[in-house]
Amino acid sequence: MRVPYLDLRAVLAEFVPELDAAWERVRTGGRFILGPELEAFEAEFARFCGTEHCVGVASGFDAVRLLLAGVGIGAGDEVVVPAYTAVATWMAVTATGARPVGVDVEEESFNIDPDLVEAALGPRTKAIVAVHLFGRPAAVAALGGLAEQHGLVLLEDAAQAHGAEVGGRRVGSFGRGAAFSFYPTKNLGALGDGGAITTNDGGLAERVRLLRAYGWRQRSESEIAGLNSRLDELQAAFLHVRLARLEAHNDRRRQLAALYRDAFLEMPGVTPPDDGGSVWHVYPLRSADRDALQGRLDAAGIGTLVHYEPLPHLTAAYRAEGWRPGDFPVAESLAASEVSLPLHPALTEAQAAAVVAAVAGGASG
Ligand SMILES: *Cc1c(COP(=O)(O)O)cnc(C)c1O
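As the structure is a prediction and not an experimental result, all values here were calculated from the model.

Criteria and thresholds
Residues numbered from 1 in each chain as written. Predicted model: local features only at pLDDT ≥ 70, side-chain atom pairs only at ≥ 80, totals over all residues. Heavy atoms only, no water. Buried < 20%, exposed > 50% of the residue type's maximum accessible area, 1.4 Å probe, protein only. Helix = DSSP H or I, 4+ residues; strand = E, 2+ residues; numbered from the N terminus. Pairing = 2+ DSSP bridges. Phe/Tyr/Trp six-rings, centres within 6.5 Å; stacked < 30°, edge-to-face > 60°. Near = heavy atom within 4 Å. Polar contact = N/O pair within 3.5 Å; in protein donor to acceptor, adjacent residues only side chain to side chain. Areas by Shrake-Rupley, 256 points an atom, 1.4 Å probe, with all protein chains shown as cover. Contact = heavy atoms within 4.5 Å. Salt bridge = Lys/Arg side-chain N within 4 Å of Asp/Glu carboxyl O. Axes fitted to C-alpha atoms, helices over the stretch in contact; angles between N-to-C directions. Parallel < 35°, antiparallel > 145°, perpendicular 65-115°, else oblique. Left-handed = near helix turned anticlockwise from the far one by under 90°. Nonpolar A, V, L, I, M, F, W, Y, C, P; charged D, E, K, R; others polar. Disulfide = S-S within 2.5 Å.

Caption draft 1: How the structure looks around the pairing of strand β12 (residues 338–341). The alternating pattern of β12 places E338 and S340 and V339 and L341 on opposite faces, both of which are buried. One ladder, built from four bridges, connects strand β11 (residues 283–287) with β12; its direction is antiparallel. Each residue of the ladder has a partner; that of P284, found in β12, is S340.

Caption draft 2: A look at the packing of aromatic side chains. Scanning the entire structure with this criterion turns up 18 aromatic pairs. Between Y84 and F110 the ring centres are 5.1 Å apart and the planes differ by 90 degrees, which places this aromatic pair in the edge-to-face class. Placement of the pair is Y84 in the loop between β2 (78–82) and α5 (87–95) and F110 in the loop between β3 (99–103) and β4 (125–131), with a sequence separation of 26 residues. Owing to a relative accessible area of 3%, F110 belongs among the buried residues under this scheme. Through pairs of rings, three or more aromatic residues link up here, namely F41, F45, F48, F180 and F182.

Caption draft 3: Main features of the site of the ligand. Taken together, 15 residues are adjacent to the ligand, and G60, D157, Q160, S181 and K186 come closest. Here an oxygen atom of the ligand sits 2.8 Å away from a polar atom, N or O, in the main chain of G60. Take F61: an N or O atom from its main chain is 2.8 Å from an oxygen atom of the ligand. Within the complex, 88% of the 380 Å² of free accessible area of the ligand lies under protein.

Caption draft 4: Focus on the side chain of H313. You can see H313 is positioned in the loop between α10 (290–299) and α11 (316–319). Classification of H313 as buried rests on a relative accessible area of 0%. At 2.8 Å, the side chain of H313 and the side chain of E332 are in polar contact. The residues contacting H313, other than those within four sequence positions of it, are W90, Y318, R319, W323, R324, D327, F328 and E332.

Caption draft 5: The pattern of salt bridges, seen in detail. All told, the structure shown has 19 salt bridges when counted by the stated rule. Of the charged contacts, one joins E37 and R25 as a salt bridge, the two residues approaching to 2.8 Å between their closest N and O atoms. Here R25 lies in helix α2 (residues 16–29) and E37 lies in helix α3 (residues 36–49), a separation of 12 residues in the sequence. Residue class for E37 comes out buried when judged on its relative accessible area of 14%. A relative accessible area of 39% means that R25 is categorised as partly exposed. Residues D62 and R65 are paired through a salt bridge, measuring 2.8 Å at the closest nitrogen-oxygen approach. A residue pair is termed a helical-turn pair when its members lie 3 or 4 positions apart in one helix, as D62 and R65 do in helix α4 (residues 60–70) at three residues. For D62, a relative accessible area of 8% gives the class buried. According to the relative accessible area criterion, R65 is partly exposed, its value standing at 24%.

Caption draft 6: Spatial organisation of the packing of α4 against α5. Relative to each other, α4 and α5 sit at 45 degrees, their axes nearing to 8 Å. The orientation of α4 relative to α5 falls into the category oblique. Our pair here, α4 against α5, has a crossing hand that is right-handed. Each of F61, V64, R65 and L68 in α4 lies in contact with α5, whose residues at this interface are A88, M91, A92, V93 and A95. For the contact of α4 with α5, the class distribution of residues is eight nonpolar, no polar and one charged.

Caption draft 7: Just the state of the cysteines, in detail. On inspection of all chains with the given rule, the structure shows zero disulfides. As a non-bridged cysteine, C49 has C54 as the owner of its nearest cysteine sulfur, 7.0 Å distant. The exposure class of C49 is buried, given its relative accessible area of 4%.

Caption draft 8: Focus on the sheet that holds β12. Sheet architecture is open: three strands sit in the order β10-β11-β12, paired in antiparallel fashion. The outermost strands of the open sheet, each flanked by one partner alone, are β10 (270–271) and β12. On the sheet, helix α9 (residues 246–264) packs against β10, β11 and β12 and is oriented at approximately 15 degrees with respect to β11. Helix α12 (residues 329–337) contacts β11 and β12 of the sheet and is inclined by roughly 50 degrees relative to β12.

Caption draft 9: Representation of the packing of α4 against helix α7 (residues 202–211) within the structure. As a packed pair, α4 and α7 sit with axes 9 Å apart at the nearest point and diverge in direction by 120 degrees. In terms of axis orientation, α4 runs oblique to α7. Once α4 is placed against α7, the crossing between them reads as right-handed. For the pair α4 and α7, contact is made by L66, L67, A69 and G70 and by L204, R207, V208 and L211, respectively. Grouping the amino acids of the contact of α4 with α7 by side-chain chemistry returns six nonpolar, one polar and one charged.

Below, the structure written as structure tokens:
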């Protein structure tokens with residue numbers, strides 16, 4: 001059985017009538033930018049995250065960089081980021097003029113290790129960006145304590161973790177502000193690019209709103225120098241449709257992850273991730289012989305990905321800033337052993353069983 005890594009057409013199938021209706025509504029309404037669909041979605045997503053404000057922007061990358069700019073970060077500043085993350089997290093810091101300072105991660109969670117943060121702080125450090133990698137919440141309590149103790153701002157990159165909870169509270173509500181991506185493959189995905197910032201800080205929401213549209217409160221009156229980064233009406237209307245079933249989809253992801261865990265826990269040669277409150281944007285299986293495993297799965301028709309090689313600090317862009325192999329030993333060893341298995345809301349039990357069988361096939365010879 002062929003199992004693609006992700007099948008967006010299958011995921012979207014259940015939404016087709018509602019997506020068609022959303023397009024019809026926006027088309028006939030004649031408003032395409034900064035209109036009622038965006039306002040409604042912002043209110044709805046803020047409620048979902050348990051925050052007072054939500055500001056839609058053009059992408060997850062823009063959400064991170066406008067969040068950083070919105071709290072005043074810019075040239076000359078340093079921002080602590082996890083070594084293990086999408087390169088977007090590092091580049092959003094770079095885009096503000098600040099310097100990303102990597103910190104190694106915890107082996108169990110792939111998330112930033114709070115015990116290693118203090119060693120990375122210096123006189124220029126202004127903020128810590130907690131990334132909830134693969135859908136699993138970072139150690140927000142410990143990171144919040146560190147931020148408070150050192151007078152830093154805690155921000156969240158929640159691009160992979162829509163709906164994940166810590167102690168009954170949703171991610172996106174722990175830092176001064178949080179960034180979300182609605183890239184089509186994310187747990188809450190648009191049919192194009194999109195992103196949002198959530199916050200309980202009214203001043204921050206206001207600044208980001210100005211930044212996303214030329215610094216305008218009133219058309220043509222630029223109060224500050226901003227840029228153009230808007231979540232359009234059509235994407236907001238699509239996101240409204242998909243948000244209604246995000247919790248059900250996250251539940252399905254949890255079921256599949258539990259199924260995988262039961263299958264892999266006793267299997268030689270592979271290490272499944274433990275739960276940790278993840279909403280399973282990615283299912284990261286580990287194997288000492290990762291490349292061989294990935295090759296075998298490919299030969300069996302099972303689509304996989306590796307998240308992430310190279311890690312941000314080992315890309316040409318950041319080697320040029322002086323980062324080197326060996327800087328983050330835990331992250332580097334995880335990156336060499338990680339393979340992401342198919343896991344999405346439309347994955348069937350039969351497909352999951354085929355994935356398990358293909359992984360087991362090699363383990364037994
Ligand atoms: C996807 C992602 C982003 C960037 O989102 P885009 O919408 O693709 O710009 C940022 N951070 C993380 C952790 C991501 O996974």
